[in-house]
Amino acid sequence: MPPTAPRTHTVLLAEDDRAIRNALERALTLEGYRVTAVADGVEALAQAHRSRPDVLLLDVMMPGIDGLQVCRVLRAEGDRTPVLMLTALVETADRIAGLDAGADDYVVKPFDVEEVFARLRALLRRAVPAPAPASAPDGTPTAQEQPNRQNAQNARESEETRKPGKTPSTAPGRHIAAAGVRMDPQARRAWRGQRELELTRTEFELLELLIRNAGIVLDHSTIYDRIWGYDFGPGSKNLAVYVGYLRRKLDEPGAPRLIHTVRGVGYVLRED
């Protein structure tokens, strides 16, 4: 059987600045993406509803419906398509607003197009679903199909736990835990004590990395590589913003802080 050709990823680009929009559309096309470029948030929502892309590249500051509003609408509809924000706003509060709206990552203008490519690749790697295998001729699940069926069962169990009066599953091997925080990586759920945490995709993966390495100081380069697949260098504030936002969701009044900064090195999860 001939090898399958690599899949062309689709990008929905929304940018009101014509020069930036045209330049990004050309660069992304040359990089091998299939690009749909629009000039505002209304067009972006309409296009996303017509044909869901693999990833969205949204400018924050657009007339009418801006990038944050587009992201909020899609997330409210249950659309989990990865979103990369383009922003000229450099204040931490502005970047947090984007993450709070449901964005997965951001790039600050003026940007290097290679950084945009790297962030898109990282988002797409994390979003690619496992291929659906075929069953054996006699209908018996293949070795690859069995885990998929188990995942479907796990998903059904997860929905059950969301009903009133239900508690999270404690099936062996399902949960990981450290410092009073529990996670179910398969169901993409996390709790501190009995309080469930509402986390974005990147926040969830960052917390999972810290829990799996609880008590170990992870340096910046290691975290960048594991979460984004790319080290953006010592001048990047990207990681600090995500850690700060994750702390806001984890921390509780009167409870010990769980994520600690080791100045000049990185971060560690521990309960002092």
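Provided above is the structure to which this section pertains.
Below: a short report on this structure. Being a predicted model, the structure only gives us computed values, none of them experimental.

1. Some points on the overall build of the protein chain
Part 1 of the argument: Along its length, the protein chain carries nine helices and 12 strands.
Part 2 of the argument: Per-residue burial for the protein chain yields a buried fraction of 44% across its 272 residues.
Part 3 of the argument: Pairs at least 24 apart in sequence give 57% of the contacts found in the protein chain among residues at least 6 apart.
Part 4 of the argument: Carbon and sulfur atoms make up 52% of the accessible area of the protein chain, which totals about 14300 Å².

2. So, the sheet that holds strand E2 (residues 34–38)
Paired through backbone hydrogen bonds, the strands of a sheet run either parallel or antiparallel to each other.
Part 1 of the argument: If you trace the five strands from one edge of the open sheet to the other, you get E2-E1-E3-E4-E5, paired in parallel fashion. Of all strands in the sheet, those with a lone pairing partner are E2 and strand E5 (105–108), marking the two edges. Ignoring strand direction, the axes of neighbouring strands in this sheet form an average angle of 20°.
Part 2 of the argument: Helix-sheet contacts for helix H5 (residues 113–127) involve strand E3 (55–59), strand E4 (83–87) and E5, and the interaxial angle to E5 is about 180°.

3. Here we look at the pattern of salt bridges
Part 1 of the argument: This model, assessed by the stated rule, comprises 15 salt bridges.
Part 2 of the argument: With a shortest N-O distance of 2.7 Å, glutamate 115 and arginine 119 are connected by a salt bridge. With glutamate 115 and arginine 119 both in helix H5, this residue pair falls four residues apart, about one helical turn.
Part 3 of the argument: On the basis of relative accessible area, arginine 119 is assigned to the buried category, the value being 3%.
Part 4 of the argument: Across the pair glutamate 196 and arginine 189 runs a salt bridge, and its minimum N-O distance is 2.8 Å.
Part 5 of the argument: Among the residues examined, glutamate 196 registers a relative accessible area of 28% and is labelled partly exposed.

4. A closer look at the sheet that holds strand E11 (residues 259–262)
Part 1 of the argument: The sheet built from three strands is open, its strands ordered E10-E12-E11 with antiparallel pairing. Here the strands that pair on one side only, and so sit at the sheet edges, are strand E10 (218–219) and E11.
Part 2 of the argument: Pairing analysis gives four bridges linking E11 to strand E12 (residues 266–269), with the strands arranged antiparallel. Bridged to valine 262 within E12 is glycine 266.
Part 3 of the argument: With respect to the sheet, helix H9 (residues 238–250) is in contact with E11 and E12, its orientation differing from that of E11 by roughly 150°.

5. Considerations on the nonpolar core
Part 1 of the argument: Membership of the largest hydrophobic core comes to 52 residues, with the highest contact counts inside it found for Met85, Leu206 and Leu207.
Part 2 of the argument: Ranked by the residues each element gives to this core, the list is headed by H9, at seven residues.
Part 3 of the argument: The residues contacting methionine 85, other than those within four sequence positions of it, are Leu58, Val60, Gly67, Leu68, Cys71, Ala103, Asp105, Tyr106 and Val107.
Part 4 of the argument: Core analysis: the next-biggest nonpolar cluster, separate from the first, contains 17 residues, Leu28, Tyr33, Val55 and Phe117 among them.

6. Side note on the pairing of E3
Part 1 of the argument: With respect to burial, E3 is a largely interior element, five of its five residues being buried.
Part 2 of the argument: Residues Val55, Leu57 and Asp59 point to one face of E3 and Leu56 and Leu58 to the other, with burial holding for every one of them.
Part 3 of the argument: Both E3 and E4 contribute to a ladder of four bridges, which runs parallel. Bridging across to E4, leucine 56 finds its partner in valine 83.

The rules behind these values
Residues numbered from 1 in each chain as written. Predicted model: local features only at pLDDT ≥ 70, side-chain atom pairs only at ≥ 80, totals over all residues. Heavy atoms only, no water. Helix = DSSP H or I, 4+ residues; strand = E, 2+ residues; numbered from the N terminus. Buried < 20%, exposed > 50% of the residue type's maximum accessible area, 1.4 Å probe, protein only. Contact = heavy atoms within 4.5 Å. Areas by Shrake-Rupley, 256 points an atom, 1.4 Å probe, with all protein chains shown as cover. Pairing = 2+ DSSP bridges. Axes fitted to C-alpha atoms, helices over the stretch in contact; angles between N-to-C directions. Salt bridge = Lys/Arg side-chain N within 4 Å of Asp/Glu carboxyl O. Core = buried A, V, L, I, M, F, W, Y, C linked by side-chain atoms within 4.5 Å.

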